[in-house]
Amino acid sequence: MLLRVLAIILIAVLVVALSGVAVAAAAVNTWLDNLPDPNAPGAFDVAQATRIYSSDGKLLARIYLENRTVIPIAQMSPDLPHAVVAVEDERFYKHNGVDMVGLARAVVMNLTEGFGAEGASTITQQYIRNTILLDEALDVSIKRKVREAYLAIELEKRYDKQQILEMYLNAIYFGEGAHGAEAASRTYFSKHANELTLAESALLAGLPQQPGRLDPYEYPDAAIKRRNVVLSRMLEQKYITQAQYDEAVATPLQLKRSKDPEDGIYQAPFYVAHVKKLLQQRFSKEVVFGGGLKVYTALDTRLQGYAEEAMHAALPAKGPEGALVSINPKNGHVVALVGGKNYRKNKFNLATQGHRQAGSAFKTFTLVTALDLGVSPSTMVDSSSPARIPTKPRPWIVSNSEGRGSGSMSFRSATAASVNTVFARVAWAIGAKKIVKMANKMGIETPLKAYPSLTLGAQNVTPLEMTSAYATLANNGKHYDPVFITKVVDKNGQVILDVKPEGKQVVKRTVAYAATQVLKGVISGGTATRARIGRPAAGKTGTSQDHRDVWFVGYTPQLATGIWVGHRTEKTIYLHGGRAFGGTVCAPIWRQYMTRALKGKKVVDFKSAPSPKWHPSRFKIPRGSVETSKTPDKKKDKTKPTPVTPVPTPPTPVTPDPSTPTSPTP
């Protein structure tokens, strides 16, 4: 009832002279309809920046719709709330949300000079306007004033004056994109709100009236004049002494903009960008950018620094770019990620969005599939070149970079030397669909086509996928999906997301161990000798057609890391005076990063497992340079016998790493 009476008084003062009491009463009944519920959760909330942290507690980014950091009034200089009250609402501590004295003054001004000549909004009303009635903020009408007054009185019932003043100081706009006292202090003085001087506090208190026209960066004279008005009000209301006033008005304007990045990202920009994407897949835009979340990630800033330094040292400023992904195979935590050279210049994330041919690095999936089906690493396979695989409508011709091949060689040796014809023959024997299925289980999410050329990496995948898949082998065949976000806490301190990784055994332990033993040979005496780090490690190099993409993906029991190097627009890579290879470009980057990342860690070998049961006789691996038209047993494998290979001419679709079984070139 009291609220209705106050509303009637407001309308009576502003409307009676024109419309009469009856009209005013009718207006009350309609203008107070459909008000927002002041008791609704979050009714008076303001947008707050979301903070993203690393696993070691470092702030990686602040992302926001409004640049605001909410702080308690105790963390503000006492001069700031005094200055705001003095200039905005001198009777703040005496009214109940609506200042009748100020209202009377405003009525006189509005009746004599026209509506809008002078406002009568209290601090409480201004807060209402900037929160629960934000959608009506631009409505310059008596109706909005009445609704504002009603809700201001409601707010004063729920909070004391100090709480309302704190909420106001965190909500109000100070210009230059700064919302709230803390953001304003950083924007204009590069300091925290509790460090403000009297002169600085007065300057900030004067800005909300007209933040554009009083911007001290653009209009310093106007800003100083307004500051001095605030100081004068503080003196009149006995918040400061004459001596303090004299010193403050004589203080020159000393602005210093904070060095905070405009996009709010302090470290690991490509990692943060992916985290933002993941957050938006789970929460609304308003919650992600205005919900004041605390987001905890798997990123290790120490390892991230090593990753960035390794990529920077290896690649010239002008030339190819690179991507690096590093994963803890025991839980899927992505501990470091580099997605390009300069995020500010190009935000496309080569680590998570860059789908490129994996070259021979994809042979690992053929290896694992073959071992799983019973093909022993000791199985002898014809390495002669060229190999003619009887695909239709025309055969697939595969050649080795070193020439004719070396006759029959073991599957293990062919892996170490990255022999194309051996893998083409094995892939044809076991069936491309089985290879696709294994790659999917291990962590490749990009849709793959079941063509035999898949074994040579002729289809596109991302560095994140490749590293995740290799991490499966590092973890004895147990796969964890990549984890970027570990926990999310809302502004009230409630945990709203707590990620507990659950692994799945997708490759038999026996097979994973056997594959790792083969891939250890790639580093010890194959195409990746430049990846030796003095501890047990395994991996595979890759070089795509025309040297447009080069890779090395390797792992130890503690860490799996994938490196890709190439141009954003595909073209041949030239580095160190010649064409690039995975073994000559990516393996050294991997070595530099992994050596530092694992320094101080215990040297451990991969957990052994029994040998799988081998059944090589189940498969008829083709021999010779001219194959017959025999196709795999359709009862065992439903691979289409006539796929159209996606690899264009010339007939050597993928350039392998330049090596031979006896003398590999790193």
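The shown structure was predicted, so the numbers you read here are calculated from the model rather than taken from an experiment.

### Digging into the overall build of the protein
- Within the protein, the secondary structure is distributed over 21 helices and 20 strands.
- Across the 666 residues that make up the protein, the buried fraction comes to 56%.
- A separation of at least 24 residues holds for 72% of the contacts in the protein among residues at least 6 apart in sequence.
- Accessible surface for the protein amounts to roughly 28700 Å². Of this, 52% is attributable to carbon and sulfur atoms.

### What about helix H15 (residues 363-373)?
- Taking burial as the measure, the 11 residues of H15 include 10 buried ones, the bulk of the element.
- The complete set of buried residues in H15 reads Lys363, Thr364, Phe365, Thr366, Leu367, Val368, Thr369, Ala370, Leu371 and Leu373.
- Next to the buried residues of H15 lie helix H16 (411-417), helix H17 (420-430), helix H18 (432-442), helix H19 (463-474), helix H20 (509-525) and strand E16 (538-543).
- With its phi angle positive at about 110°, Gly374 sits one or two positions after the end of H15.

### Remarks on the packing of helix H5 (residues 123-130) against helix H7 (residues 161-171)
- Close contact between H5 and H7 brings their axes to 10 Å; oriented N to C, the two are set at 50°. In terms of axis orientation, H5 runs oblique to H7. Seen along the crossing, H5 lies across H7 with a hand that is left-handed. Contacts from Ile123, Thr124, Gln126 and Tyr127 of H5 reach H7 at Ile164, Leu165, Met167, Tyr168 and Ala171.

### Re the pairing of strand E3 (residues 294-297)
- Of the two faces of E3, only the one carrying Val295 and Thr297 is buried; Lys294 and Tyr296 on the other face are not.
- Across 3 bridges, the pairing between strand E1 (residues 50-53) and E3 is parallel. What sits directly across from Tyr53, in E3, is Tyr296.
- Across 4 bridges, E3 lies against strand E13 (residues 485-489) in antiparallel orientation. In the sheet register, Tyr296 faces E13, and the bridge partner there is Lys487.

### Quick notes on the pairing of strand E18 (residues 560-566)
- Along E18, 7 of the 7 residues are buried, which leaves the element largely enclosed by surrounding structure.
- In E18, alternate side chains face the same way, and those of Ala560, Gly562, Trp564 and Gly566 on one face and Thr561, Ile563 and Val565 on the other are all buried.
- Across 7 bridges, strand E4 (residues 321-327) lies against E18 in antiparallel orientation. Paired with Ile327 across the two strands is Ala560, which belongs to E18.
- Of the pairings in the sheet, the one linking strand E17 (residues 549-555) to E18 comprises 7 bridges and is antiparallel in character. Within the sheet, the bridge partner assigned to Val553 lies in E18 and is Gly562.
- Hairpin geometry of E17 and E18 is characterised by an intervening segment of 4 residues between the two adjacent antiparallel strands.

### Structural notes on the layout of surface pockets
- Here the second largest pocket defines a volume of roughly 520 Å³.
- If you trace the second largest pocket, you find 20 residues lining it, with His312, Gly340, Lys341, Asn342 and Tyr343 closest to the centre.
- Every element with two or more residues in the lining of the second largest pocket is listed here: helix H12 (269-282), helix H14 (301-314), E4 and strand E5 (334-338).
- Take the lining of the second largest pocket: its biggest share by element is 4 residues, from H14.
- The residue inventory of the lining of the second largest pocket, partitioned by class, reads 10 nonpolar, 5 polar and 5 charged.

### Considerations on the sheet that holds E18
- On the basis of which strands lie adjacent, the open sheet formed by 5 strands has the order E5-E4-E18-E17-E16 and antiparallel pairing. Of all strands in the sheet, those with a lone pairing partner are E5 and E16, marking the two edges. The sheet shows a mean angle of 5° between the axes of neighbouring strands, taken without regard to direction.

### A word on the sheet that holds E13
- On the basis of which strands lie adjacent, the open sheet formed by 5 strands has the order E2-E1-E3-E13-E14 and mixed pairing. Taken across any chain shown, the strands that pair with only one partner, and hence form the sheet edges, are strand E2 (59-63) and strand E14 (495-498). Across this sheet, the average inter-strand angle for adjacent strands is 15°, counted without regard to direction.
- As judged from the 4 bridges shared by E1 and E2, these two strands associate in the antiparallel manner. Following the sheet pairing, Tyr53 is matched in E2 by Leu59.

### Quick word on the pattern of salt bridges
- In this structure the tally under the stated criterion is 21 salt bridges.
- The partner of Glu66 in a salt bridge is Arg68, and the shortest N-O contact between them spans 2.6 Å.
- Measuring nitrogen to oxygen at the nearest pair gives 3.8 Å for the salt bridge that ties Arg548 to Glu570. With Arg548 in the loop between E16 and E17 and Glu570 in the loop between E18 and strand E19 (574-575), this residue pair connects regions lying 22 residues apart in the sequence.
- The partly exposed category is assigned to Arg548, whose relative accessible area is 22%.
- Relative accessible area serves as the criterion here: at 40%, Glu570 is assigned to the partly exposed category.

### A look at the packing of aromatic side chains
- Scanning all chains against the criterion turns up 12 aromatic pairs.
- Plain terms: the ring middles of Tyr53 and Tyr296 are 5.5 Å apart, the flat faces sit at 20° to each other, and that makes the pair stacked. With Tyr53 in strand E1 and Tyr296 in strand E3, this pair connects stretches of sequence that are 243 residues apart.
- Between Phe270 and Tyr343 the ring centres are 5.2 Å apart and the planes differ by 85°, which places this aromatic pair in the edge-to-face class. Of the two residues, Phe270 is situated in helix H12 and Tyr343 in the loop between E5 and strand E6 (356-357); the sequence distance between them amounts to 73 residues. Here Phe270 matches Tyr343 in class, with each residue buried.
- Grouping aromatic residues by their ring pairs yields a cluster made of Phe362, Phe365, Tyr470, Tyr555 and Phe606.
- Between the NZ or CZ atom of Lys161 and the centre of the ring of Phe92, over which it lies, the distance is 4.5 Å.

Criteria and thresholds
Residues numbered from 1 in each chain as written. Predicted model: local features only at pLDDT ≥ 70, side-chain atom pairs only at ≥ 80, totals over all residues. Heavy atoms only, no water. Helix = DSSP H or I, 4+ residues; strand = E, 2+ residues; numbered from the N terminus. Buried < 20%, exposed > 50% of the residue type's maximum accessible area, 1.4 Å probe, protein only. Contact = heavy atoms within 4.5 Å. Areas by Shrake-Rupley, 256 points an atom, 1.4 Å probe, with all protein chains shown as cover. Axes fitted to C-alpha atoms, helices over the stretch in contact; angles between N-to-C directions. Parallel < 35°, antiparallel > 145°, perpendicular 65-115°, else oblique. Left-handed = near helix turned anticlockwise from the far one by under 90°. Pairing = 2+ DSSP bridges. 1 Å grid on protein atoms, 1.4 Å probe; cavity = no way out; pocket = protein on both sides within 12 Å on 5 of 7 lines; lining within 4 Å. Points joined across faces, edges and corners; volume = space filled by probe spheres on them. Nonpolar A, V, L, I, M, F, W, Y, C, P; charged D, E, K, R; others polar. Salt bridge = Lys/Arg side-chain N within 4 Å of Asp/Glu carboxyl O. Phe/Tyr/Trp six-rings, centres within 6.5 Å; stacked < 30°, edge-to-face > 60°. Lys NZ or Arg CZ within 6 Å of the ring centre and 35° of its normal.

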